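# Architecture and fold: a report
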Number of protein chains: 2
Amino acid sequence: MRRRLTILGSTGSVGRQALDVVRAHPDRFEVAGLSAASNVDLLLEQAAEFDVGRVALEREPDVSSLPRDLANRIEVTGPGAARRLAEEPVDVVLNGIVGFAGLSATVGALQAGNTVALANKESLVAGGEWVMNLAPSNRIIPVDSEHSAIFQCLEGRDASEVDRILLTASGGPFFERPKAELLDAGPEDALRHPTWQMGTKITIDSASMMNKGLEVIEAHHLFGVPYEDVRVVVHRQSVVHGGAIFRDGSVILHAAVPDMRLPIAFGILHPERVDVGAQPIGFDAATWTFDEPRNDVFRCLPLAIQAGQAGGPYPVALNAANEAAVEAFLEGRIKFLQIADVIEEVLEIVPDFGKMQSMENIEAVDRWARSAATRFAQDIAP
Amino acid sequence: MRRRLTILGSTGSVGRQALDVVRAHPDRFEVAGLSAASNVDLLLEQAAEFDVGRVALEREPDVSSLPRDLANRIEVTGPGAARRLAEEPVDVVLNGIVGFAGLSATVGALQAGNTVALANKESLVAGGEWVMNLAPSNRIIPVDSEHSAIFQCLEGRDASEVDRILLTASGGPFFERPKAELLDAGPEDALRHPTWQMGTKITIDSASMMNKGLEVIEAHHLFGVPYEDVRVVVHRQSVVHGGAIFRDGSVILHAAVPDMRLPIAFGILHPERVDVGAQPIGFDAATWTFDEPRNDVFRCLPLAIQAGQAGGPYPVALNAANEAAVEAFLEGRIKFLQIADVIEEVLEIVPDFGKMQSMENIEAVDRWARSAATRFAQDIAP
């Protein structure tokens, strides 16, 4: 039976790879809907190739410049378009949106009763409690490689037998460096990631371990485990992505080559699996290493855990402050190790913003934290 | 609820460790029966400590030398005693018997409708087809660390999603040695096993990779996978014990410290788990390596797979020829690499012995192969 699939953020990295999966298995999917923020040309190209019924664009297009038969496909436009598309009943909504529009779309999809294959970070980092209250168990299938791995290790297990979950981190380009060397590390050093090809922002987050910190917050919400039971382990080879530690000490691990098509395909086809052309894991002369994180040097990870434990506006502020601090670092306004300093200062003065159960409140925290972080970055600039 | 447990081979290594598990969790078990081959003193000590109702001894005891209150506990004696005990209805029969008496007891337990936690090798190597025909799915829980690991990785999975299973091998003391060095390897070299503390015979089997060959045959029967889908990987650290490779290329692995109490406890308490005091896996500065087996040097593994694929009397002959060849090696009558030569010669002349669905036929093959192997060992002796 063909699975009816809506892809939010279809012109982004996750969306394009999802369409690669569909292309390889056309008999398994019907692409019911596609959304994009602004790349109208690619969106329409995709809509034509997959004969998609409903297409949504967050930014109003300049329709006059488009061929009429293509422009007619765009049914939903303007702010909130992705959310309205997400509310249409389908078998699964893949949320590959980057940013807050993704949280709103996740909330809409879940409220409408749709299963969500989730790649949008804000949905859980900023909206974790809100979103998980809307989602009965298994209505969210994580698409991040680490959370997909943990999900696969926990599947079919009795939660009472699980003691902790294990989240692996590549450690980024700086993991082995002495702290003194990192004082002058610039963007060009941080952008050399050992195993994954990723965007600029996430590569910096990988170097600072903030990426893992945000993933710990996501894991806490997704799997309903206390923060102290999420164990982060540095694994430089990025082959083992996550695991579950049982109460007898046994560990179930998930391993796969680093290939985003795997968790994407798993998320949109669950509980089935298909061959997406990923390389098999090599067991010939392979070496896997594991190390503890260096929390004294890479302070973003413990800061994220603290923010997660504090709950409420703190994870929202953490995420926003981090984005502003990374921007300041990339523009040469602050040093690498000062990213954590900026975030820490912001977290110390978070005011009361009410419950994080509405877009308005969450976005208010986000705006406040960005501007606070930008101000702190100016103050400490060398 | 307390689980009613019978332990066959309670005075052996598996049996004694099982009683350690019971000792640590007395509220979880009622020891309903114990059996031993000949160690009557320890058997009676165990029976008294755990207040065991039924006790069986394969060898007729010299009752006159025993205190009467202890001797009275022994209800079943003589050849077949363990099998008769195994037929008593309980929640789980742990079969820790070494040798063919174990196969007979497994058959008896399954025919009586008991669940078997299986540590007896002959039950599957020699009696695989027979035994699996008697066992509906999940009525056998493997207790070998590798098969327990694979069982745990497959649990709750749809078999159609599993592509291959993964069986790890420590590689034994000789894995890195050039073939030329092995020509003169003696028993004292072979008995230095890197990670597990085991008996003499199994340590030689580990050095020759025959242990892994026998486990491949067991895995084939237990998990119903073709021989070509059982992948053996050398993993020197003995932390990863097995896994399942899914059709998308994802791998689920089971890891634990090498501690037999873990698979024993898992086998007798399934689907629950308890803390047996095993050390947790260390992820601090840990290194795990994986290599392909060296089938050109360690030929027992490919020989075992060939025997398994041939089926019928061949696995029985393989196992018996190996035992005779290892004995010849330990007594200095043949060289290490000649173990495989002897087995190969035996496998080339296996006569027809009828169906391997009775103890008589299986034992006839066993006797024939032992004497054939002993003869070949004499012929090729240096």
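The rules behind the values
Residues numbered from 1 in each chain as written. Chains lettered and ligands numbered in written order. Predicted model: local features only at pLDDT ≥ 70, side-chain atom pairs only at ≥ 80, totals over all residues. Heavy atoms only, no water. Helix = DSSP H or I, 4+ residues; strand = E, 2+ residues; numbered from the N terminus. Rg over C-alpha atoms; globule rule 2.2 N^0.38 Å. Buried < 20%, exposed > 50% of the residue type's maximum accessible area, 1.4 Å probe, protein only. Contact = heavy atoms within 4.5 Å. Areas by Shrake-Rupley, 256 points an atom, 1.4 Å probe, with all protein chains shown as cover. Buried area = accessible area lost by both parts, 1.4 Å probe. Salt bridge = Lys/Arg side-chain N within 4 Å of Asp/Glu carboxyl O. Polar contact = N/O pair within 3.5 Å; in protein donor to acceptor, adjacent residues only side chain to side chain. Pairing = 2+ DSSP bridges. Expected span 1.5 Å × (residues − 1). Least-squares fit on C-alpha atoms with pLDDT ≥ 70 in both. Axes fitted to C-alpha atoms, helices over the stretch in contact; angles between N-to-C directions. Core = buried A, V, L, I, M, F, W, Y, C linked by side-chain atoms within 4.5 Å. Phe/Tyr/Trp six-rings, centres within 6.5 Å; stacked < 30°, edge-to-face > 60°. Lys NZ or Arg CZ within 6 Å of the ring centre and 35° of its normal.

### Re the overall build of chain A
Scanning chain A from terminus to terminus reveals 17 helices and twelve strands. Against the 2.2 N^0.38 benchmark of 21 Å for 382 residues, chain A shows a C-alpha radius of gyration of 21 Å, consistent with a compact globule. Expressed as a percentage of the 382 residues in chain A, the buried residues total 60%. The long-range fraction of contacts in chain A, counting pairs at least 24 apart against all pairs at least 6 apart in sequence, stands at 67%. Of the accessible surface of chain A, which amounts to about 14600 Å², a share of 47% is contributed by carbon and sulfur atoms.

### Regarding the interface of chain B and chain A
Counting residues at the interface gives 37 residues for chain B and 37 residues for chain A. Here chain B packs against chain A, burying approximately 3500 Å² in sum over the two surfaces, 52% of which is carbon and sulfur. Three residues stand out in chain B for area buried against chain A, namely D248(B), R273(B) and F283(B), and they jointly supply 23% of the buried area on that side. Remark: the boundary between chain B and chain A carries four salt bridges. The salt bridge involving E155(B) is made with R157(A); its shortest N-O contact spans 3.9 Å. Connecting chain B to chain A are 22 residue pairs in polar contact (both at pLDDT 80 or more). If you list the elements that add at least two residues to the side of chain B that touches chain A, you get α8 (145-154), β9 (230-234), β11 (251-255) and β12 (286-290) of chain B. The pairing of strand β11 (residues 251-255) of chain A with β11(B) spans five bridges and is antiparallel. Its bridge partner being in β11(B), I252(A) is matched across the sheet by H254(B).

### Focus on the pattern of salt bridges
Tallying each qualifying case throughout the model produces 48 salt bridges over all chains. Residue R177(A) is joined to E181(A) by a salt bridge in which the shortest nitrogen-to-oxygen separation is 3.8 Å. Using a relative accessible area of 46% as the deciding quantity, one classes E181(A) as partly exposed. One salt bridge connects D248(A) with R273(B), and the closest N-O pair in it is separated by 3.1 Å. Of this pair, D248(A) sits in the loop between β10 (240-246) and β11 while R273(B) sits in the loop between α13 (261-269) and β12, which puts the two residues in different chains. The class for D248(A) is buried, based on a relative accessible area of 4%. Where salt bridges share partners, they join K121(A), E323(A), D366(A) and R370(A) into one cluster.

### Comments concerning the pairing of strand β12 (residues 286-290) of chain A
With respect to burial, β12(A) is a largely interior element, four of its five residues being buried. Note: β12(A) against β12(B), five bridges, orientation antiparallel. Residue pairing in the sheet places F290(A) in a bridge with A286(B) of β12(B).

### As for helix α12 (residues 210-223) of chain B
All names here are of chain B. Along its 14 residues, α12 runs 20 Å from first to last C-alpha, staying within 8% of the 20 Å computed at 1.5 Å per residue. Buried residues dominate α12, accounting for 13 of its 14 residues. In the segment just after α12, G224 is the residue with positive phi, at about 60 degrees.

### What about the relation of the copies chain B and chain A?
Overlaying chain B on chain A yields an RMSD of 0.0 Å, the required transformation being a rotation through 180 degrees with an accompanying axial translation of 0.0 Å. These values place the two chain copies in the arrangement generated by a two-fold rotation axis.

### Here we look at the side chain of H147(A)
Residue and element names in this part refer to chain A. Following the sequence through the fold, H147 ends up in helix α8 (residues 145-154). Taking relative accessible area as the criterion, H147 reaches 1% and is therefore assigned buried. When sequence neighbours within four positions are dropped, the list of residues in contact with H147 reads P142, L167, E215, E218, A219, L222 and F223.

### What to know about the sheet that holds β11(A)
Taken in spatial order, the eight strands of this open sheet run β9(A)-β8(A)-β10(A)-β11(A)-β11(B)-β10(B)-β8(B)-β9(B), and their pairing is mixed. Edge positions in the sheet fall to β9 (230-234) of chain A together with β9 of chain B, since each of these pairs with one other strand and no more. For this sheet the average axis-to-axis angle between neighbouring strands, irrespective of direction, equals 20 degrees. Pairing between strand β8 (residues 162-169) of chain B and β9(B): five bridges, direction parallel. Within β9(B), the position partnered with L166(B) by the bridge is R231(B). Strands β8 (162-169) and β9 of chain A of the sheet are contacted by helix α12 (residues 210-223) of chain A, whose axis makes an angle of about 150 degrees with β8(A).

### Points about the nonpolar core
Counting 192 residues, the largest nonpolar core has L318(A), I339(A), L318(B) and I339(B) as its most contacted members. Contact partners of L318(B), with chain neighbours within four places excluded, come to M210(B), L214(B), I217(B), L303(B), A304(B), A307(B), I343(B) and L347(B).

### Quick word on helix α15 (residues 314-330) of chain A
Residues and elements named next belong to chain A. Relative to the 24 Å expected for 17 residues at 1.5 Å per residue, α15 spans 24 Å between its end C-alpha atoms, a close match to the ideal helical length. With 14 of its 17 residues buried, α15 lies for the most part within the structure. Within two residues after α15, G332 carries a phi angle of roughly 80 degrees, on the positive side.

### Considerations on the packing of aromatic side chains
Inspection of the entire model under this criterion finds 15 aromatic pairs over all chains. Note on W288(A) and F290(B): the rings are 4.5 Å apart at their centroids and 55 degrees apart in plane angle, and the pair reads as tilted. Of this pair, W288(A) sits in strand β12 while F290(B) sits in strand β12, which puts the two residues in different chains. Residue W288(A) is classed as buried on the basis of its relative accessible area, which comes to 2%. Residue classification places F290(B) among the buried residues on the basis of a relative accessible area of 0%. Through successive ring pairs, a cluster of aromatic residues spans F283(A), W288(A), F290(A), F283(B), W288(B) and F290(B). In this structure, R273(B) is placed above the aromatic ring of F246(A), and the distance from its NZ or CZ to the ring centre is 4.2 Å.

None of this, on its own, says anything about what the molecule does.
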